[in-house]
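The chain contents come next:
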Amino acid sequence: MKSICVYCGSSPGRLEAYSNAARALARTLVDRNIRLVYGGVGIMGLLADAVLELGGQAVGVIPEGLVRREVAHKHLTELHVTQSMHERKMLMAELSDGFIALPGGIGTLEELFEVWTWAQLGLHKKPCGLLNIAGYFDALTAFLDHAVTEQFVKQPHHSILIVEREPEALLDRFDSYMPPAVTKWMEKDET
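Source: prediction; values computed, not measured.

> So what's going on with the packing of helix H1 (residues 16-31) against helix H8 (residues 167-175)? Which residues, and what values?
Where H1 meets H8, the closest approach of the two axes is 9 Å, and the angle between their N-to-C directions is 45°. As judged from the angle between their axes, H1 and H8 are oblique. Taken as a pair, H1 and H8 cross one another with a handedness that is right-handed. Where H1 abuts H8, its residues Ala24, Leu25, Thr28 and Leu29 lie against Pro167, Glu168 and Leu171. Split into classes, the residues belonging to the contact of H1 with H8 amount to 5 nonpolar, 1 polar and 1 charged.

> Can you explain the packing of helix H4 (residues 85-94) against helix H5 (residues 106-120)? Please cite residues and give values.
One way to put it is that H4 packs onto H5 with a least axis distance of 12 Å and a crossing angle of 60°. As far as their axial angle goes, H5 and H4 are oblique. Crossing of H4 against H5: the hand is right-handed. Across from Arg88, Lys89, Met90 and Ala93 in H4, the residues of H5 making contact are Glu110, Glu111, Glu114 and Trp118. Classifying every residue of the contact of H4 with H5 by side-chain character gives 3 nonpolar, no polar and 5 charged.

> Mind laying out the pairing of strand E3 (residues 58-63), listing which residues take part and the relevant values?
Burial within E3 is extensive, with 6 of its 6 residues counted as buried. The sheet contact formed by strand E2 (residues 35-38) and E3 spans 3 bridges and is parallel. By the bridge assignment, Leu36 is partnered in E3 with Ala58.

> Any chance you could break down the packing of aromatic side chains for me, citing the residues and the numbers?
The geometry of an aromatic ring pair is captured by two quantities: the separation of the ring centres and the angle between the planes. For the coordinates displayed, the defined rule picks out 4 aromatic pairs. With a centroid separation of 6.3 Å and 5° between ring planes, the pair formed by Tyr7 and Phe99 is classed as stacked. One end of the pair, Tyr7, is in strand E1 (residues 3-7); the other, Phe99, is in strand E5 (residues 99-101), with 92 residues separating them in the sequence. With respect to class, Tyr7 is no different from Phe99; both count as buried. Following the ring pairs from residue to residue traces out a cluster consisting of Tyr18, Tyr136 and Phe137.

> So, the pattern of salt bridges: which residues are in play, and what are the values?
On inspection of all chains with the given rule, the structure shows 10 salt bridges. Notably, a salt bridge pairs Arg32 with Asp172, separated by 2.6 Å at the nearest N-O pair. On the criterion of sequence distance, the pair formed by Arg32 in the loop between H1 and E2 and Asp172 in helix H8 is long-range, its members being 140 residues apart. Owing to a relative accessible area of 42%, Asp172 belongs among the partly exposed residues under this scheme. A salt bridge links Glu114 to Lys89, with the shortest nitrogen-to-oxygen separation between them at 3.0 Å. Residue Glu114 is located in helix H5, and its partner Lys89 is located in helix H4; the two are separated by 25 residues in the primary sequence. Classification of Lys89 as buried rests on a relative accessible area of 11%. Among the charged side chains, a network of salt bridges with common partners joins Arg32, Asp172 and Asp175.

Procedures and definitions
- Residues numbered from 1 in each chain as written.
- Predicted model: local features only at pLDDT ≥ 70, side-chain atom pairs only at ≥ 80, totals over all residues.
- Heavy atoms only, no water.
- Axes fitted to C-alpha atoms, helices over the stretch in contact; angles between N-to-C directions.
- Helix = DSSP H or I, 4+ residues; strand = E, 2+ residues; numbered from the N terminus.
- Parallel < 35°, antiparallel > 145°, perpendicular 65-115°, else oblique.
- Left-handed = near helix turned anticlockwise from the far one by under 90°.
- Contact = heavy atoms within 4.5 Å.
- Nonpolar A, V, L, I, M, F, W, Y, C, P; charged D, E, K, R; others polar.
- Buried < 20%, exposed > 50% of the residue type's maximum accessible area, 1.4 Å probe, protein only.
- Pairing = 2+ DSSP bridges.
- Phe/Tyr/Trp six-rings, centres within 6.5 Å; stacked < 30°, edge-to-face > 60°.
- Salt bridge = Lys/Arg side-chain N within 4 Å of Asp/Glu carboxyl O.

Written out as structure tokens, the structure reads:
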């Protein structure tokens, strides 16, 4: 693992635990010499600042429209400006060896679910994870278990998503990640 893409809220959220977790993740990334790839403000900016303050590398990927609104971080190791959100997401994926979601909203979930779907389809073999701070993702993980029970998600695809409460444990599991050997994601009679 040389680079990890982190998705998280553009606002800090209700609990201080979310910001503290971003700082803890920053420390873990820097300790393991892993470059941060991210794209935004809020907890994302806090995460990038913490990585940089600890001597690590932070790479931002931001669409031109947000640069014009002056929300781009000015002190990153690298800043990539894209024409669109779609290009932003693709570049973030290309620059990263794995993906982590911290607590966040719709955008965080959308980006994580997209790269998880890409893994399910075999478009990449990189680990995807949730850093479940203060039980933030408990209801989501229960729903995903329910989706497996109801046979809308296959267990091998569910297992692509790694869930941990501590950054060290999540990155340890990333280090030993082996993508499931799923050659078919849908049976003929399921179309």
